[in-house]
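A closer look at the structure
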Amino acid sequence: MTGKVIFEELVCADNEHKVGIATLDNTASLNALTVDMLTQLNNQLLQWQDDEKIVSVLLEGAGDKAFCAGGDVRAMYHAMHDKTESESQAFCTRYFTLEYQCDYLIHTYNKPIIAWGDGIVMGGGIGLYIGASHKVVTSTSRLAMPEISIGLYPDVGGTWFLNRLAPGIGLFLGLTGASVNGSDATHLKLADHFLIAEQKQTLLEQLKDQPWQQVTDKHALVSGLLSGLSLDSIRKQPPSQLVPYFIQIQAACNSGDLNDVCKNIIAIEGMGLWIERAKKTLVAGSPISAHICFRQLTQYQSLSLADCFRLELNLSVKCGALGEFEEGVRARLIDKNGEPVWRYKTIAEVDDAVINDLFAPLWSDEEHPLVQLGV
């Protein structure tokens, strides 16, 4: 898969400060993240973080369809399918380590990062988006963690950010892969500001015109600009899809038993296309993925952000070796027959020993590839 990140530095009116613009450019694959793209983005963000002239960063996707549809799962499939077990593990370790380092950098960045979440924002795209200090959605935004459909699980920090949503909502989103639009995203606090696509240029002009040499709180200034623009677009928000089911979703997920939770979700009343699609995705998804997600959202709420990424790197590499992830990608994206043959037919049949092994550490604390994260 080809792909690159385009970098630009917008010179401000004072001819001294700059706004960094990073554009994910892999439109043929909805800006899916290749290893090269992650390397380029991570390195440039580190450089901009140390550059006193850079006052803020805008992160966007090329084209008009997607911010980023996820990670390069096709490359992962070929690594899992075509290479030896050790080669596959090495590739998955390298890819996910780099991805999570980049995600963590965005979460902890010392300057405002505006993530322009226009169009599809899914999987690995959420990983880049959710850590930004200023998260923008538009009328075309669709945010989702659809990993249950490909035999993975909500990674890229999902253990962190899904656990910080209202009770039950994160579990529902992980189990069903349901997408949320701009209205729902702001309601759930997955996003900070709703704007329309045409306002991006206005925002850049406003950023360029600020007296940055006099600004002491850059984050507050950017928040003020975005809030001002939001006032002009509030009436253009799409109707909520999740909010009408909010209470039912919370009630359905209020159980300590995964089987009960899934039965409760299927029993949610409503014939709307959105809720019915969520139910179908849950039923068709990987039972192993459902178990991983349930454990993430019920047993790891207190982990630090860095520890969440360390946990997820272990899970992701082990999922690459298990075969479920490979089978899901084959069915959904390679052969495209839409009929993955999961290891277990139902959630009730899953052997707890398999899930326990996935969560068992691959590395000692001292040898973990992300040992320096958060230090």
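Use the structure listed above.
Residues numbered from 1 in each chain as written. Predicted model: local features only at pLDDT ≥ 70, side-chain atom pairs only at ≥ 80, totals over all residues. Heavy atoms only, no water.

Before going further, it helps to examine the overall build of the chain. The helix and strand tally for the chain stands at 16 helices and 9 strands. In summary, the chain has a C-alpha radius of gyration of 20 Å against a globular reference of 21 Å for 375 residues, a match within 12%. The dimensions of the chain, computed from C-alpha atoms along their principal axes, are 65 × 50 × 40 Å. Taken across its 375 residues, the chain has 57% of its residues classed as buried. Across the chain, every contact between residues at least 6 apart in sequence was considered, and the portion connecting residues at least 24 apart equals 73%. Of the roughly 15900 Å² of accessible surface on the chain, 49% is carried by carbon and sulfur atoms. (Helix = DSSP H or I, 4+ residues; strand = E, 2+ residues; numbered from the N terminus. Rg over C-alpha atoms; globule rule 2.2 N^0.38 Å. Buried < 20%, exposed > 50% of the residue type's maximum accessible area, 1.4 Å probe, protein only. Contact = heavy atoms within 4.5 Å. Areas by Shrake-Rupley, 256 points an atom, 1.4 Å probe, with all protein chains shown as cover.)

Let's shift gears to the nonpolar core. Among the nonpolar cores identified, the biggest contains 105 residues, and Leu24, Phe172 and Leu173 are the most heavily contacted of them. Here this core gets 10 residues from one element, more than from any other, and that element is helix α3 (residues 85–107). Of all hydrophobic cores here, the second largest spans 20 residues; its members include Trp116, Leu204, Trp212 and Leu229. (Core = buried A, V, L, I, M, F, W, Y, C linked by side-chain atoms within 4.5 Å.)

All right, on to helix α2 (residues 73–82) then. Regarding α2, the residues found buried are Val73, Met76, Tyr77, Ala79 and Met80. One side of α2 carries all its buried residues, which in axial view fall inside an arc of 165°. In this structure, the buried side of α2 is in contact with α3, α14 (305–322) and α15 (324–334). (Arc of directions from axis to C-beta.)

This part is about the sheet that holds strand β5 (residues 113–117). Taken in spatial order, the 6 strands make up an open sheet running β1-β2-β3-β5-β7-β9, and their pairing is mixed. Each of the sheet's edge strands pairs with one partner strand only, and the pair in question is β1 (4–11) and β9 (193–194). The sheet contact formed by strand β3 (residues 54–61) and β5 spans 3 bridges and is parallel. By the bridge assignment for β5, valine 57 is matched with isoleucine 113. Across the sheet, helix α8 (residues 199–208) lies against β1, β2 (18–25), β3 and β5, angled at about 170° from β5, the strand it touches most. (Pairing = 2+ DSSP bridges. Axes fitted to C-alpha atoms, helices over the stretch in contact; angles between N-to-C directions.)

Moving on: the side chain of arginine 330. Residue placement: arginine 330 occurs in helix α15. The exposure class assigned to arginine 330 is buried, which follows from its relative accessible area of 16%. Ignoring anything within four residues of it in the chain, the contact list for arginine 330 reads Tyr77, Asp335, Lys336, Asn337, Glu339, Pro340 and Val341.

Right, let's talk about empty space enclosed by the protein for a bit. Per the stated rule, a full pass over the model turns up 1 cavity of 30 Å³ or more. Considered as a void within the structure, the largest cavity measures approximately 70 Å³ in volume. Lining the largest cavity are Ile126, Leu143, Ala144, Met145, Phe161, Leu162, Leu173, Ala178, Val180 and Leu190. (1 Å grid on protein atoms, 1.4 Å probe; cavity = no way out; pocket = protein on both sides within 12 Å on 5 of 7 lines; lining within 4 Å. Points joined across faces, edges and corners; volume = space filled by probe spheres on them.)

Right, let's talk about the sheet that holds strand β4 (residues 66–68) for a bit. Sheet architecture is open: 3 strands sit in the order β4-β6-β8, paired in parallel fashion. With one partner strand each, in any of the chains shown, β4 and β8 (142–144) form the two edges of the open sheet. The average angle at which neighbouring strand axes cross in this sheet is 15°, direction not considered. With 2 bridges connecting them, β4 and strand β6 (residues 120–122) associate as parallel partners. Its bridge partner being in β6, alanine 66 is matched across the sheet by isoleucine 120.

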